[in-house]
Amino acid sequence: MTSLFDSALECLLECEPSRKCEAVHSLYNQWLEGEVVLDENPQPVAVETPGRPARPELVHPRDLPKRSLGTTEGRAALIHAIAHIEFNAINLALDAMVRFPHMPRDYHADWLRVAAEEAGHFRLLSARLAELGYAYGDYPAHNGLWDMALRTAGSVLDRMALVPRLMEARGLDVTPGMIRNFRKLGDMQTVAILEIILEEEIGHVEAGTRWFRYLCDEQDVEPENTYFNRLAHYLGNDIHCPVHYKARLDAGFTSSELHRLERLCSRK
């Protein structure tokens, strides 16, 4: 039988993107076939730097060049940026498993599924880049998602609040606009990929919401105020708007939470 945590760690440390995706899908299929076991006394593993290729070059977000979607290069740059997010999301899902191994079995089932779906997204985007004459690594990128993983490394509650319920939830807000823009350009291949990503990312944010509330119950704290306290602690309530109401509601946000998020935006 295959050890879930040993195998997830191997996937996390794999640097070559296609091998990482293949390893994640193989592990998930083994899990579905009942060929994977959870270790009885797993030890948390703190990975400082996940497996990733030498390129893309990682730069500060402000140093990323702005490109027009009206050119093939501009479209490829945006697709590359999304692919980079999806690649990081594979690592984040795997890290949520090996860093917090004492969570329930269903928690690990959720994040292994998420890792496999993120790997699927990355493959779709990489193939689209190739069709346009580009490859992952051709453009610089930033490391914001993994930086947040390190900042929340000491608390699984904070991880659930700040990664799926903040950073991935932001993807729910902005993806519909990207879909509209690519549709206007007649790039229906990219539209189809983004529609798949949007649908599945709702499920990823919902998993984060569910486990965040599970942890709040376990720690006997009220979820909504705890969530906004975490936002204030990590971000100083620097929240981006607008929010995609339907997608976030489908992902488990309450109307009260969404109204509070919008009030924070209105104070800027």
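Residue positions are given per chain, counting from 1 as you read along its sequence in written order. Given that this is a predicted model, residues contribute local features only at a pLDDT of at least 70 and side-chain atom pairs are listed and counted only at 80 or more, while totals for whole chains, interfaces and linings are drawn from all residues. For the side-chain quantities, the full set of heavy atoms in the structure was used; hydrogens and water were omitted.

> Mind showing me how you'd approach the overall build of the chain here?
Each helix is a run of H or I in the DSSP string that is no shorter than four residues. Each strand is a run of E no shorter than two, and both are numbered from the N terminus. When its secondary structure is counted, the chain shows 10 helices and 2 strands. N-terminal to C-terminal, the α/β element order of the chain is β-α-α-β-α-α-α-α-α-α-α-α. Relative to the 2.2 N^0.38 estimate, which gives 18 Å for 268 residues, the radius of gyration of the chain is 18 Å and therefore close to what a compact globule would have. Across its three principal directions, the C-alpha atoms of the chain cover 55 × 50 × 30 Å. Exposure classes here rest on a 1.4 Å probe applied to the protein chains alone. A residue is buried below 20% of its type maximum, exposed above 50%, and partly exposed in between. When the 268 residues of the chain are sorted by exposure, 50% land in the buried category. Contact criterion: two residues are considered in contact whenever any of their non-hydrogen atoms come within 4.5 Å of each other. Across the chain, the fraction of contacts at a sequence separation of at least 24, relative to all contacts at a separation of at least 6, is 81%. Note on areas: Shrake-Rupley, 1.4 Å probe, and residue coverage restricted to the protein chains presented here. Element-wise, carbon and sulfur atoms account for 51% of the exposed surface of the chain, whose accessible area totals about 12,300 Å². Across the chain, the mean location of the 29 positive side-chain charges is 8 Å away from that of the 40 negative side-chain charges. Computation of the radius of gyration draws on C-alpha atoms, with the globule rule given as 2.2 Å multiplied by the number of residues to the power 0.38. Counted as positive: Lys and Arg. Counted as negative: Asp and Glu. His and the chain ends are not counted at all. Working definition for charges: the position is that of NZ of Lys, CZ of Arg, CG of Asp or CD of Glu.

> Just checking my understanding: could you explain the packing of helix α1 (residues 4-13) against helix α3 (residues 72-98) for this structure?
Relative placement of two packed helices is described by the angle separating their axes and the distance separating the axes. One way to put it is that α1 packs onto α3 with a least axis distance of 9 Å and a crossing angle of 145 degrees. Relative to α3, α1 is oriented so that their crossing is left-handed. Where α1 approaches α3, its residues Leu4, Phe5, Ala8, Leu9, Cys11 and Leu12 are matched on the opposing element by Asn91, Leu94, Asp95, Met97 and Val98. When residues are grouped by polarity, Ala, Val, Leu, Ile, Met, Phe, Trp, Tyr, Cys and Pro land in nonpolar, Asp, Glu, Lys and Arg in charged, and all others, Gly among them, in polar. For the contact of α1 with α3, the class distribution of residues is 9 nonpolar, 1 polar and 1 charged. As a rule, the C-alpha atoms of each element are fitted with a line to give its axis, helices using only the stretch in contact, and angles between N-to-C directions run from 0 to 180 degrees. By definition, any crossing whose near helix is turned counterclockwise from its far helix by less than a right angle is left-handed, and any crossing with a clockwise turn is right-handed.

> Even after reading the chapter, I still don't get a negative patch on the surface, so can you show me in this structure?
A contiguous patch of negative charge on the surface is contributed by Asp6, Glu10, Asp39 and Glu40. Residue position: Glu40 is located in the loop between β2 (36-37) and α3. Since its relative accessible area comes to 77%, Glu40 is described here as exposed. Patch criteria: residues need more than 30% relative accessible area and no salt bridge. Like-charged residues are merged within 9 Å; nonpolar side chains of Val, Leu, Ile, Met, Phe, Trp and Tyr are merged within 5 Å. For this document, the term salt bridge refers to a Lys or Arg side-chain nitrogen within 4 Å of an Asp or Glu carboxyl oxygen.

> Please clarify how the side chain of Glu257 should be interpreted in this entry.
Summarising the element assignment, Glu257 is placed in helix α10 (residues 255-266). For Glu257, a relative accessible area of 2% puts it in the buried group. Contacts described as polar in this section are N or O atom pairs within 3.5 Å, which, within protein, must combine one atom able to donate a hydrogen with one able to accept it, while residues neighboring in sequence count only if both atoms come from side chains. Of the polar contacts made by the side chain of Glu257, one reaches the backbone nitrogen of Thr254; its length is 2.9 Å. Apart from residues lying up to four places away in sequence, Glu257 is in contact with Arg165, Arg213, Glu224, Tyr227, Phe228 and Gly252.

> How should I be thinking about the environment of Ala89 in this particular structure?
Inspection of the secondary structure assignment puts Ala89 in helix α3. In this structure Ala89 comes out as buried when scored by relative accessible area, which is 7%. Measuring from C-alpha to C-alpha, the distance between Ala89 and Leu145 comes to 7.7 Å, with 56 residues separating the pair along the chain.

> Looking at this structure, I do not really get the packing of aromatic side chains. What am I missing?
Within a pair of aromatic rings, the relevant descriptors are the distance that separates the centres and the angle that separates the planes. Working definition: rings of Phe, Tyr and Trp (its six-membered ring) pair if their centres are within 6.5 Å, and the pair is stacked with planes under 30 degrees apart, edge-to-face with planes over 60 apart, and tilted otherwise. Using the criterion set out here, one finds 10 aromatic pairs in the structure. Relative to Tyr136, the ring of Phe87 lies with its centre 5.6 Å away and its plane at 40 degrees, an arrangement referred to as tilted. Taken as a pair, Phe87 in helix α3 and Tyr136 in the loop between α4 (105-131) and α5 (144-151) lie far apart in primary sequence, 49 residues in all. Neither residue differs from the other here; Phe87 and Tyr136 are each classed as buried. Ring geometry for Tyr107 against Trp111: centres 6.4 Å apart, planes inclined by 65 degrees, an arrangement best described as edge-to-face. Taken as a pair, Tyr107 and Trp111 lie in helix α4 at a separation of 4 residues, close to a single helical turn. Across the pair, Trp111 and Tyr107 agree in class, each one buried. In textbook terms, an aromatic cluster arises when at least three aromatic residues are bridged by ring pairs, as seen for Tyr107, Trp111, Trp211 and Tyr214. Over a ring means this: the NZ of a Lys or the CZ of an Arg is within 6 Å of the ring centre and within 35 degrees of the ring normal. Just above the ring of Tyr227 sits the side chain of Arg165; from NZ or CZ to the centre is 4.5 Å.

> Just to check I follow, could you spell out unusual backbone geometry for this structure?
Pro56 follows Arg55 through a cis peptide bond whose omega is 20 degrees. With respect to the secondary-structure elements, Pro56 resides in the loop between β2 and α3. For Asp220, which is not glycine, the phi torsion reads 60 degrees and is therefore positive. When you line up the elements, Asp220 lands in the loop between α7 (188-219) and α8 (223-235). With relative accessibility at 70%, the residue Asp220 sits in the exposed group.

Geometric values such as these leave the question of function open.
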